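Listed below, chain by chain, are the residues.
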Amino acid sequence: AQSVTQLDSHVSVSEGTPVLLRCNYSSSYSPSLFWYVQHPNKGLQLLLKYTSAATLVKGINGFEAEFKKSETSFHLTKPSAHMSDAAEYFCVVSRFYGQNFVFGPGTRLSVLP
Amino acid sequence: EPEVTQTPSHQVTQMGQEVILRCVPISNHLYFYWYRQILGQKVEFLVSFYNNEISEKSEIFDDQFSVERPDGSNFTLKIRSTKLEDSAMYFCASIPPPPAADTQYFGPGTRLTVL
């Protein structure tokens, strides 16, 4: 069975400072990993994905994530936070094409002026 | 860019009533999904649908739930007799055919409120 842990339920950063949102996964097989963002009262938007190609993945809005198999981690980073980054972020794992996604509990990112 | 659409955006119903939530997946996609997110909780898988039948379902998806693709474009989730605990945001998703990607494209969601 697969599972996803997001170690922080809430992260607060100042505008212009780096963002680190942590994700660890458990999967019996080589997984596909995703980060989705959900702005208040909005749907789920794909930020980036890892599907066994390059371990450092670049996404939209300046976000990137690094897949580390030895640490079973897929942490999301951004060098400089913007106010518009304030949202809920979900780390997601999937094992194979067509299988349902397993979501982490989410991390709420607050960006302070 | 094509999008998954969902209607209505907000549905209010009385406990015990039937509701149908509608989704229009992206046209060439093959797998379709329903997820729900109870307020303040994580997104949970309900059911996946492929080739006009249920592919996989979770423990949440009991006999009061059903899905249908009635006309080749719409994908519906029916809750037969709603309970207070069914209040949640319901998301529809779909994925394109291989080898495009296994990325799921999500709709904006339907907020269901059961009174």
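You'll find the structure just up there.
Reading the values: rules and limits
- Residues numbered from 1 in each chain as written.
- Chains lettered and ligands numbered in written order.
- Predicted model: local features only at pLDDT ≥ 70, side-chain atom pairs only at ≥ 80, totals over all residues.
- Heavy atoms only, no water.
- Helix = DSSP H or I, 4+ residues; strand = E, 2+ residues; numbered from the N terminus.
- Rg over C-alpha atoms; globule rule 2.2 N^0.38 Å.
- Buried < 20%, exposed > 50% of the residue type's maximum accessible area, 1.4 Å probe, protein only.
- Contact = heavy atoms within 4.5 Å.
- Areas by Shrake-Rupley, 256 points an atom, 1.4 Å probe, with all protein chains shown as cover.
- Lys, Arg positive; Asp, Glu negative; His and termini not counted.
- Charge placed at Lys NZ, Arg CZ, Asp CG, Glu CD.
- Disulfide = S-S within 2.5 Å.
- Polar contact = N/O pair within 3.5 Å; in protein donor to acceptor, adjacent residues only side chain to side chain.
- Pairing = 2+ DSSP bridges.
- Axes fitted to C-alpha atoms, helices over the stretch in contact; angles between N-to-C directions.
- Buried area = accessible area lost by both parts, 1.4 Å probe.
- Nonpolar A, V, L, I, M, F, W, Y, C, P; charged D, E, K, R; others polar.

1. What about the overall build of chain B?
And step 1. Check the secondary structure of chain B and you find zero helices and eleven strands.
And step 2. Traced from its N-terminal end to its C-terminal end, chain B shows the element sequence β-β-β-β-β-β-β-β-β-β-β.
And step 3. Taken against the 2.2 N^0.38 rule, which gives 13 Å for 115 residues, the C-alpha radius of gyration of chain B at 13 Å falls within 12% of a compact globule.
And step 4. Along the longest, intermediate and shortest principal axes, the C-alpha atoms of chain B span 45 × 25 × 25 Å.
And step 5. Residues counted as buried form 47% of the 115 residues belonging to chain B.
And step 6. Long-range pairs, those at least 24 residues apart, make up 55% of the contacts in chain B between residues at least 6 apart in sequence.
And step 7. Of the accessible surface of chain B, which amounts to about 5800 Å², a share of 47% is contributed by carbon and sulfur atoms.
And step 8. A gap of 5 Å separates the mean positions of the 9 positive and 14 negative side-chain charges of chain B.

2. Things to note about the state of the cysteines
And step 1. In this structure the tally under the stated criterion is two disulfides over all chains.
And step 2. Disulfide pairing is shown between Cys23(A) and Cys91(A); the S-S distance is 1.9 Å. Between Cys23(A) and Cys91(A) the sulfur-sulfur dihedral comes to about -65 degrees; the bridge is accordingly left-handed. Taken as a pair, Cys23(A) in the loop between β3 (19-21) and β4 (24-26) and Cys91(A) in strand β10 (residues 87-94) lie far apart in primary sequence, 68 residues in all.
And step 3. Since its relative accessible area comes to 0%, Cys23(A) is described here as buried.
And step 4. With a sulfur-sulfur separation of 1.9 Å, Cys23(B) is cross-linked through a disulfide to Cys92(B). Torsion about the S-S bond of the Cys23(B) and Cys92(B) cystine: about -60 degrees, corresponding to left-handed handedness. Taken together, the positions of Cys23(B) in strand β3 (residues 19-24) and Cys92(B) in strand β9 (residues 88-95) put the pair 69 residues apart, joining distant regions of the chain.
And step 5. Among the residues examined, Cys23(B) registers a relative accessible area of 1% and is labelled buried.

3. Re the side chain of Thr82(B)
Residue and element names in this part refer to chain B.
And step 1. The topology assignment puts Thr82 in the loop between β8 (75-79) and β9.
And step 2. In terms of polar contacts, Thr82 uses its side chain to reach the backbone carbonyl oxygen of Gln14, at 3.2 Å.
And step 3. Other than its neighbours up to four places away in sequence, Thr82 contacts Thr13, Gln14, Met15, Gly16, Gln17, Val19, Gln64 and Val114.

4. Re the sheet that holds strand β7 (residues 65-68) of chain B
Residue and element names in this part refer to chain B.
And step 1. Overall, antiparallel pairing links the four strands, which are arranged β1-β3-β8-β7 in an open sheet. The open sheet terminates on both sides in strands that have one partner only, identified here as β1 (5-7) and β7. Here the average twist between neighbouring strands, direction ignored, is 20 degrees.
And step 2. As judged from the five bridges shared by β3 and β8, these two strands associate in the antiparallel manner. Counted as the bridge partner of Arg22 is Thr76 from β8.

5. Concerning the interface of chain A and chain B
And step 1. Counting from both sides, the interface comprises 20 residues of chain A and, opposite them, 22 residues of chain B.
And step 2. Together chain A and chain B conceal approximately 1700 Å² of surface at their shared face, both sides included; 57% is due to carbon and sulfur atoms.
And step 3. Looking only at chain A, the three residues that lose the most surface to chain B are Tyr97(A), Asn100(A) and Phe103(A), adding up to 37% of its buried area.
And step 4. At the surface where chain A touches chain B, the tally comes to four residue pairs in polar contact (both at pLDDT 80 or more).
And step 5. Breaking the side of chain A that touches chain B down by element, the ones donating at least two residues are β5 (32-38) and β6 (44-50) of chain A.
And step 6. Considering each element in turn, the side of chain A that touches chain B owes the most residues, four residues, to β5(A).
And step 7. Split into classes, the residues belonging to the side of chain A that touches chain B amount to nine nonpolar, nine polar and two charged.

All quantities given are derived from atomic positions and should not be read as evidence of function.
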